[in-house]
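Here are the chains, one letter per residue:
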Amino acid sequence: MDVLEKKKYYIDIGSGEISQTKYQNNDSFTIHATDEEVAMLRAKLNNMDSASMQAFWRAHVPIMPYHNDKPNDHYDTGLVEVYQMLYDLGDDTIKSHIDSIGILEDNHM
């Protein structure tokens, strides 16, 4: 199979799931992507998960001010990057939905 061939994937940001099989509620977003694009999306979702765990532990340190929360900033950046990839790989329905929530307003080119 050609690595550049685009395949259909179902994405659920909340669970971090990327699947070629649709089941239950794993189809928040449906994209067509190459193996390389899916690997990049997986890395971004993994980075968000790591930042989320770091933010969880930071939240339990009462002397660290919230506005100085690098893990939370990294999570937010990762989330925007994931939505940007979904926007780029998605159809008009996905683009319209992402436009409607406004997450890329200052970031989309």
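Residues numbered from 1 in each chain as written. Predicted model: local features only at pLDDT ≥ 70, side-chain atom pairs only at ≥ 80, totals over all residues. Heavy atoms only, no water.

### Things to note about the environment of Leu4
Structurally, Leu4 is set in the segment before strand 1 (7-12). For Leu4, a relative accessible area of 67% gives the class exposed. Separated by 29 residues in sequence, Leu4 and Ala33 place their C-alpha atoms 8.5 Å apart. (Helix = DSSP H or I, 4+ residues; strand = E, 2+ residues; numbered from the N terminus. Buried < 20%, exposed > 50% of the residue type's maximum accessible area, 1.4 Å probe, protein only.)

### A look at the nonpolar core
Grouped together as the largest cluster of nonpolar side chains are 22 residues, with contacts concentrated most on Ile11, Ile13, Phe29, Ile31, Leu41, Leu86 and Ile98. Counting only elements with at least two residues in this core, the list comes to strand 1, strand 3 (29-33), helix 1 (35-58), helix 2 (70-89) and helix 3 (92-101). Among the elements that take part in this core, helix 2 stands out by supplying eight residues, more than any other. Setting aside residues up to four positions removed in sequence, Ile11 forms contacts with Glu17, Ile18, Asn26, Asp27, Ser28, Phe29, Ile31, Leu41 and Leu86. (Core = buried A, V, L, I, M, F, W, Y, C linked by side-chain atoms within 4.5 Å. Contact = heavy atoms within 4.5 Å.)

### Things to note about the sheet that holds strand 2 (residues 17-19)
The three strands lie next to each other as 2-1-3, forming an open sheet whose pairing is antiparallel. Each of the sheet's edge strands pairs with one partner strand only, and the pair in question is strand 2 and strand 3. Averaged over all pairs of adjacent strands, the angle between strand axes in this sheet comes to 30 degrees, irrespective of strand direction. (Pairing = 2+ DSSP bridges. Axes fitted to C-alpha atoms, helices over the stretch in contact; angles between N-to-C directions.)

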